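So you can see what is in the structure, the chains are spelled out below.
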Amino acid sequence: MPRRAGPVHPVHHFPIWYADENGKVLELALATDDPNLPGLELENPGKPLHFPENFPDEAFYSLVEAEMIVDVDGGTTRARLVLALEAAFGGTGEVADGQQMVFGRVRFRLDGATPGDRYTATHPYNRISAEADEKGDVDITEDIGCPQLFPSALRATPWPFVSSSNPPAGYLGDGATTSTITGAPADVFAIDGPGVSASGRNRDPAQPGNPNRALTRLFTVRAKKAARFGVDVRSAVLTRDGAGAAHIDVIATSRPGQDIQVTGEGFRPTPMRADGERYVARIAAAEAPAKITVTNVKDDPPFPFTVPLTDAVTIADAVYDLGAGVLTVEAVSSRSEVLRVFTDLGDELGVPGELPMAAPPPAIEVQSAGGGRARADVRLRGEALPFLPVAAAAGPDQTVPQGRLVRLDGSGSAGATQFVWEQVAGPVVVLIGGDTAVPSFVAPAENESVTLRLTATRPGGEAVDTATDEVTVDVEPLTAPIARSAPGGVTPVESLVTVDGSGSAGAATFAWTTGPGGPELTGADGPVVSFTMPRVAVELTLTVDGDGGDASAVTVEFVPEPDQLLGDQPQFRARRGEWRLSGTSSARLPNRVTASLGTNPGDKATEIGSAAVDVLGEFDIRRLVAPDDLALRPGTGALVTLTSTRGGTFVDEVEIRD
């Protein structure tokens, strides 16, 4: 059974009810004198409820709450959980027609905690988690819903509805009595966090030895089962049959088993026929009224829903002729002769008939002056459009030394599947792979230009299936190799270093090398090389060779620049067994800081933990240590060393606190 948002109330314009997948249907709790629905707040409490002058800025279809006392650093605090399907107003939040919204809410709050401690709340539907802020507060709120889009709340978390264990008749709970609940995937409110049940209060019975988990199964539920269901009129149109006889056709939805009637001027009250949630009526009418009223007479008191009677618009055809570039729309109305055509996005095209355009919308809507509308997909008619022609691209012209291997590239040719290269000028060369997109040849010994033509084709045999392009390769005399490299310099640790040697002259080959233990090189046999800067200096040598003379080499040096690492004084809280280490780094991201404990200078260090540096250049390392983990429990005068992946180092004495 799907979730449903009920019909919109004719006065306050919120849904009359919401239904969950288990068949529970709840109404909006607006009674001011109902002892089972406490908490409704009005602007003028002594006056009757009236929209919008004396109407609450928030009300609930369902409100489920739980709270418990938990232990935090230095005392106790109250933790609170709220699960709600709430009606409120968008914009400023003030009561205003047109701003109605319904949303599903999950809220978890806890205060008085230690900043930075993480708390995880398990509730009947899911689990949420957050760290305490700088004030020690944990405040997580999830609201899902949009103004005027009431079905959007159906995708929120608090579904299906829950009920207290022994609710009053007609309710899922009385809003005040705590009890266990049923109906949700789980029935607990549990908190996992540092020492939340250290005193033993609200300890999870399933984990009696765990002081870091608190749990309760007691909730309050405020929710009333819907007693009135209303009706949602989906369409009310005037139609005419072939003989011209007029009918009023009404289609509506409501809950199954309702008694729904249609009334209006010029016809007798008519019941609607039902099929589950769907209701239909056709009414013979000599005179068509401007509006009709649809009422669920089982409601006490009933809601009369009065809606305008629109005409029926029928689209006979919507066809676009590719050759003529014309969209033809044929449409009629049962009552109005004024029709307008719109695209599926709402742009007006004109009146039905022939509408010239280069390309049609995928669908059109025809609207009448009488409020009727109809939608139809656009179909196409005409010959297929021509194929995109082949475009040959032989690549840019090149200048190469004598005897050098020349690579051509025709892969940029559009639409081609076959390639044929032929020489049309210059000293004769031998093409390798002349029937591929990327052939090659050895530049001749003569100092002359070589021109080649690419013919690109695809199967089909039409003129658009073949194209040609030419490329010229200028051959220049050999020159002696001269190695040239971009300069070295001071470089941040862990940064990517790229060195360009493409300015070398007469180079047929490139070879980049470093000394023993140097960094791994990427592109060591090409003109451009890269590596990650280590914490030690790097000597980088480029050697180039070619047919024009002896090999040439050049060496450049790169010196590491570690980041400036500044730490706050390390703290260890002995009673809780908690490390707190924080500080800043000057290096760019990514960067990570690792903290290690050494009792005295020169001792072997034990790693405490690590943390990534954030976008503000800050890091924060926290760790809880078990009482028997003596290697991580410092003594007086112990030192902590902070090291970063960017080469920074910081050492300070530990401050030990209770």
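The residue numbering used here restarts from 1 in each chain and proceeds along that chain's sequence as written. Given that this is a predicted model, residues contribute local features only at a pLDDT of at least 70 and side-chain atom pairs are listed and counted only at 80 or more, while totals for whole chains, interfaces and linings are drawn from all residues. Remark: hydrogens and water are excluded; side-chain values derive from all non-hydrogen atoms of the structure.

Participant: I keep staring at the overall build of the protein chain and nothing clicks. Help me out?
Facilitator: Working definition: helices are DSSP H or I runs of at least four residues, strands are E runs of at least two. Numbering for both runs from the N terminus. When you go through the protein chain residue by residue, the secondary structure sums to zero helices and 53 strands. Counting only C-alpha atoms, the protein chain reaches 110 × 90 × 40 Å along its principal axes. Only protein chains enter the accessibility calculation, which uses a 1.4 Å probe. A residue is then buried if its area is under 20% of the maximum for its type, exposed if over 50%, and partly exposed in between. Counting only residues that meet the buried cut, the protein chain has 44% of its 658 residues in that class. In the protein chain, once contacts between residues fewer than 6 apart in sequence are set aside, the share between residues at least 24 apart is 60%. Carbon and sulfur atoms make up 50% of the accessible area of the protein chain, which amounts to about 33100 Å² in all. Both charge centroids of the protein chain, one from 54 positive and one from 88 negative side chains, sit 10 Å from each other. In what follows, residue pairs with any heavy atoms lying within 4.5 Å of each other are defined as contacts. Areas reported here follow the Shrake-Rupley algorithm with a probe of radius 1.4 Å; residue values treat only the protein chains shown as occluding. Residues counted as positive are Lys and Arg, residues counted as negative are Asp and Glu, and His and the chain ends are not counted. All charge positions are set by atom: Lys at NZ, Arg at CZ, Asp at CG, Glu at CD.

Participant: Looking at this structure, I do not really get a negative patch on the surface. What am I missing?
Facilitator: For patches, a residue must show more than 30% relative accessible area and have no salt bridge; joins then use 9 Å for like charges and 5 Å for nonpolar side chains, namely Val, Leu, Ile, Met, Phe, Trp and Tyr. A carboxyl oxygen of Asp or Glu within 4 Å of a side-chain nitrogen of Lys or Arg is what we treat as a salt bridge. Side chains of E41, E43, D57, E58 and E94 sit close together on the surface and give a patch of like negative charge. With respect to the element layout, E41 can be found in the loop between β3 (25-27) and β4 (59-72).

Participant: Explain the nonpolar core to me, please; I cannot follow it from the model alone.
Facilitator: Considering soluble globular proteins, one finds that nonpolar side chains tend to be buried as a cluster. Counting 49 residues, the largest nonpolar core has Y18, F108, L110, F189 and I191 as its most contacted members. Here this core takes seven residues from β4, the largest share from any one element. Aside from chain neighbours lying at most four places away, what touches I191 is M68, V70, A79, F108, L110, Y119, T120, V196, N212, R213 and A214. Put simply, buried Ala, Val, Leu, Ile, Met, Phe, Trp, Tyr and Cys residues joined by side-chain atoms within 4.5 Å make one nonpolar core. Counting residues in each nonpolar core, the second largest holds 28 residues, with I16, A252, F267 and F303 among its members.

Participant: What should I look at first to understand the pairing of strand β27 (residues 339-343) in this one?
Facilitator: Along any regular strand, the residues point their side chains to alternate faces of the sheet. The buried fraction of β27 amounts to four of the five residues, a majority that puts the element mostly inside the structure. Any two strands are treated as partners once DSSP identifies two or more bridges connecting them. Looking at chain direction, β27 and strand β30 (residues 363-368) are connected through five bridges and run antiparallel. Its bridge partner being in β30, F342 is matched across the sheet by E365. Sheet topology places β27 next to strand β28 (residues 348-350); two bridges connect them, and they run antiparallel. If you follow F342 over to β28, its bridge partner there is E348. Here β27 hands over to β28 after four residues, with G346 in that stretch at a positive phi of 95 degrees.

Participant: Help me out: how do you make sense of unusual backbone geometry in this one?
Facilitator: Note: most residues except glycine have negative phi, and most peptide bonds are trans. Residue P301 follows D300 across a cis peptide bond; omega there is -5 degrees. The phi dihedral of Q148 falls on the positive side, at around 70 degrees, and the residue is not glycine. Along the polypeptide, Q148 turns up in the loop between β9 (138-144) and β10 (163-164). Classification of Q148 as partly exposed rests on a relative accessible area of 41%. Notably, E494 is not glycine yet its phi reads approximately 70 degrees, a positive angle. Looking at the element boundaries, E494 is found in the loop between β39 (489-492) and β40 (496-500). Under the relative-accessibility criterion, E494 is labelled partly exposed at 39%.

Participant: Could you clarify how one ought to interpret the sheet that holds strand β44 (residues 549-561) in this entry?
Facilitator: The pairing of strands in a sheet happens through backbone hydrogen bonds and is either parallel or antiparallel. The mixed open sheet is built from four strands, whose spatial order is β39-β44-β43-β41. Each of the sheet's edge strands pairs with one partner strand only, and the pair in question is β39 and β41 (509-514). In this sheet, neighbouring strand axes are inclined to one another by 30 degrees on average, regardless of whether the strands run parallel or antiparallel. The sheet contact formed by β39 and β44 spans four bridges and is parallel. In the sheet register, G489 faces β44, and the bridge partner there is F558. Only the stretch in contact is used when fitting a helix axis, every axis being a line fitted to C-alpha atoms; angles between N-to-C directions are given from 0 to 180 degrees.

Participant: Is there a simple way to explain the sheet that holds strand β7 (residues 118-122) in this structure?
Facilitator: Strand order across the open sheet formed by four strands is β8-β7-β13-β14, with antiparallel pairing between neighbours. Each edge of the sheet is formed by a strand with only one pairing partner; in this case those strands are β8 (127-131) and β14 (213-216). Within the sheet, the average angular offset between the axes of one strand and its neighbour, ignoring direction, is 15 degrees. Note: β7 against β8, five bridges, orientation antiparallel. Paired with T120 across the strands is S129, a residue of β8.

Participant: What's the story with the packing of aromatic side chains in this structure? I'm lost.
Facilitator: Centre distance and the angle of the planes are the two values used to describe a pair of aromatic rings. Aromatic pairing here means that ring centres of Phe, Tyr or Trp (its six-membered ring) are within 6.5 Å. Orientation follows from the plane angle: under 30 degrees is stacked, over 60 is edge-to-face, and everything else is tilted. Taken as a whole, this structure holds 14 aromatic pairs when the rule is applied. Ring geometry for F14 against F89: centres 5.4 Å apart, planes inclined by 75 degrees, an arrangement best described as edge-to-face. You can see F14 sitting in the loop between β1 (4-5) and β2 (17-19) and its partner F89 sitting in strand β5 (residues 75-89), a full 75 residues away along the chain. A relative accessible area of 6% means that F89 is categorised as buried. Between the aromatic rings of F531 and F558, the centroid separation amounts to 5.7 Å while the plane-to-plane angle is 75 degrees, which identifies the pairing as edge-to-face. Of this pair, F531 sits in strand β42 (residues 528-532) while F558 sits in strand β44; the two residues are 27 residues apart in sequence, bridging distant segments of the chain. By the ring-pair criterion, three or more aromatic residues cluster together here, those being F14, F51, F55, F89 and F150. We count a charge as sitting over a ring when the NZ of a lysine or the CZ of an arginine lies within 6 Å of the ring centre and within 35 degrees of the ring normal. Positioned above the aromatic ring of W17, the side-chain terminus of R255 is 5.4 Å from the ring centre.

Participant: Please explain the pattern of salt bridges as it appears in this structure.
Facilitator: Between side chains of opposite charge, a pair can form as their charged atoms come close. Inspection of every chain in the model, using the stated rule, returns 29 salt bridges. A salt bridge links E277 to R255, with the shortest nitrogen-to-oxygen separation between them at 3.6 Å. Highlighted residues: E277 in the loop between β20 (273-275) and β21 (278-284) and R255 in the loop between β17 (246-253) and β18 (260-264), separated in sequence by 22 residues. E277 gets classed as partly exposed once you look at its relative accessible area, which sits at 24%.

Participant: What is the right way to read the side chain of H247 from this model?
Facilitator: Position of H247 among the secondary structure elements: in strand β17. Take H247: its relative accessible area is 16%, and that puts it in the buried class. Excluding residues that lie within four positions of it along the chain, H247 makes contacts with V237, L238, T239, D241, R282, I283 and A284.

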